[in-house]
Amino acid sequence: MKDTAFYPADILLPSAERGIDLTKWAVVACDQYTSQPDYWNKVEELVGDSPSALRMILPEIYLNLEKSQVNRKISEIQRSMNEYLQQGLFQACPKSYIYIERILSDGTMRKGLLGMLDLEEYDYHPGSSSRIRATEGTVLERIPPRVRVREHAVLEFPHIMMLIDDLQRTVIEPLSVRKDKLPLLYRFPLMQGGGNIAGYRVQGRDALAVQEALEKLAQPEAFSRRYGLPMGTPPLLYAAGDGNHSLATAKACFEALKQRLPEEEWKTHPARYALAEVVNLHDDSLQFEPIHRAVTGTEPEKLLKAMEKACGARRANGSQGDQTVTAVTSNGTRPLLLTRPTSQLAVGTLQNFLDQYLTENTGTVDYIHGDDVAVSLGQKPNSIAFLLPPMGKEELFPTVILDGSLPRKTFSMGHAQDKRYYIEGRRITY
């Protein structure tokens with residue numbers, strides 16, 4: 001296969017011969033609904049005693065439990081993986097990609113391709129020049145609990161979604177035209193408003209065509225021309241859309257493995273790779289939603305004066321300049337133009353200012369989905385909210401290339417129920 005850092009994998013699926021209920025099997029990404037216990041209680045009720053990916057993941061809502069309870073859940077996860085293997089609940093899909101069509105909650109279709117990423121080609125640290133990079137800052141404190149799940153696990157069930165900047169739609173979209181010629185692996189409704197999903201096996205010449213298209217996308221000359229960069233700039237081929245902390249966890253576990261094994265062993269070890277779905281940034285269903293900021297326990301006017309001094313924030317008149325935000329306080333709403341930006345995006349300039357300001361002054365920042373919620377918070381006493389413009393999809397790759405990882409909570413890709421569901425797995429031990 002071509003050296004593209006994304007390859008066909010030996011994928012495990014719930015066995016059709018065992019009559020597994022796929023709707024009960026598939027559950028949403030573990031980092032969703034973290035403040036809504038009713039959601040996960042309902043999942044428990046729906047799954048009952050049926051085989052389910054729920055038994056092989058740790059929903060993050062449970063991380064607030066006592067340490068002994070978390071440890072018990074992690075032990076149960078690892079025991080379930082071994083029991084499911086011993087009971088023959090999986091069917092193998094070797095050396096394959098899976099082409100995925102997901103009907104989202106709004107009725108639109110998202111196309112994706114499941115395969116395995118080479119963790120040797122991934123670096124989440126700021127300033128990375130690897131082919132696989134993080135899009136947002138990685139919060140290292142979120143990795144240890146996930147490491148404890150993965151480090152002794154025999155299987156992986158990640159919810160990683162990576163983005164490729166394929167304007168000409170050469171990698172994934174040709175598979176949609178050929179899907180009637182591809183073996184159908186599954187088609188079923190997802191629980192809890194997740195829409196519907198279908199998966200098709202991709203192998204042989206179809207897999208080779210994917211590899212060739214990815215290789216062309218990653219050619220250094222084409223990459224430099226696409227973004228107007230100097231020749232020799234290291235290409236960015238895959239940018240994390242969702243699940244960056246799961247990918248960082250896989251990387252951490254692999255790096256620990258490399259310390260224990262000789263090179264000839266870790267080079268071919270299954271833990272060198274991580275299962276992920278790749279989606280085209282230009283997929284029609286993919287929409288970026290802004291995540292606003294609200295600062296409470298602060299002096300709004302003092303903050304705004306400091307912002308004017310730090311990044312040239314002044315009242316905007318019309319559509320002057322590229323970076324604007326809208327400030328909301330109990331005194332009203334005012335659009336601000338950031339005349340001395342410190343980032344490629346307004347959210348980066350704002351976040352850089354807030355990070356510095358709040359180290360020296362009182363106030364707590366929160367990250368808010370939805371204009372109405374942000375406005376209501378900003379209008380409270382001793383508070384200010386900043387409404388951010390939507391980030392254009394076309395800005396993502398150039399910004400990551402030039403700035404490195406974006407500020408945390410820069411954008412959201414769709415609603416919680418539209419995140420990846422766990423269906424497919426892979427062995428990460430011999």
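In case you missed it, the structure is sitting above this.
Residues numbered from 1 in each chain as written. Predicted model: local features only at pLDDT ≥ 70, side-chain atom pairs only at ≥ 80, totals over all residues. Heavy atoms only, no water.

### With respect to the pattern of salt bridges
And step 1. Counting across every chain of the model gives 19 salt bridges.
And step 2. The residue Glu-156 makes a salt bridge to Arg-426 at a minimum N-O spacing of 2.9 Å. Here Arg-426 lies in strand S23 (residues 426-427) and Glu-156 lies in strand S8 (residues 155-156), a separation of 270 residues in the sequence. For the residue pair Glu-156 and Arg-426, the accessibility class agrees, reading buried in each case.
And step 3. Its salt-bridge partner being Lys-267, residue Glu-263 comes within 3.2 Å of it at the nearest N-O pair.
And step 4. Note on Lys-267: relative accessible area 42%, which makes it partly exposed.
And step 5. Taken together, the salt bridges that share partners define one network made up of Glu-120, Lys-251, Glu-255 and Lys-258. (Salt bridge = Lys/Arg side-chain N within 4 Å of Asp/Glu carboxyl O. Helix = DSSP H or I, 4+ residues; strand = E, 2+ residues; numbered from the N terminus. Buried < 20%, exposed > 50% of the residue type's maximum accessible area, 1.4 Å probe, protein only.)

### Regarding helix H7 (residues 220-227)
And step 1. Looking at H7, one finds that the buried residues are Ala-222, Phe-223, Ser-224 and Tyr-227.
And step 2. Against helix H6 (204-218) and helix H13 (396-403) lie the buried residues of H7.
And step 3. Gly-228 sits one or two residues past H7 and shows a positive phi near 65 degrees. (Contact = heavy atoms within 4.5 Å.)

### Remarks on the packing of helix H3 (residues 67-86) against helix H4 (residues 143-150)
And step 1. Viewed as axis vectors pointing N to C, H3 and H4 meet at an angle of 40 degrees, and their least axial separation amounts to 9 Å. On the basis of the axis angle, H3 is oblique to H4. Counted together, Val-70, Asn-71, Ile-74, Ile-77 and Gln-78 of H3 and Pro-145, Arg-148 and Val-149 of H4 form the full contact between these two elements.
And step 2. Residue classes in the contact of H3 with H4 are distributed as 5 nonpolar, 2 polar and 1 charged. (Axes fitted to C-alpha atoms, helices over the stretch in contact; angles between N-to-C directions. Parallel < 35°, antiparallel > 145°, perpendicular 65-115°, else oblique. Nonpolar A, V, L, I, M, F, W, Y, C, P; charged D, E, K, R; others polar.)

### Structural notes on the side chain of Arg-334
And step 1. For Arg-334, the location among the structural elements is in strand S18 (residues 332-338).
And step 2. Within polar-contact distance, the side chain of Arg-334 engages the side chain of Glu-301 at 3.0 Å.
And step 3. Residues in contact with Arg-334, not counting those within four places in the same chain, are Glu-301, Leu-304, Arg-315, Val-325, Thr-326, Ala-327 and Thr-329. (Polar contact = N/O pair within 3.5 Å; in protein donor to acceptor, adjacent residues only side chain to side chain.)

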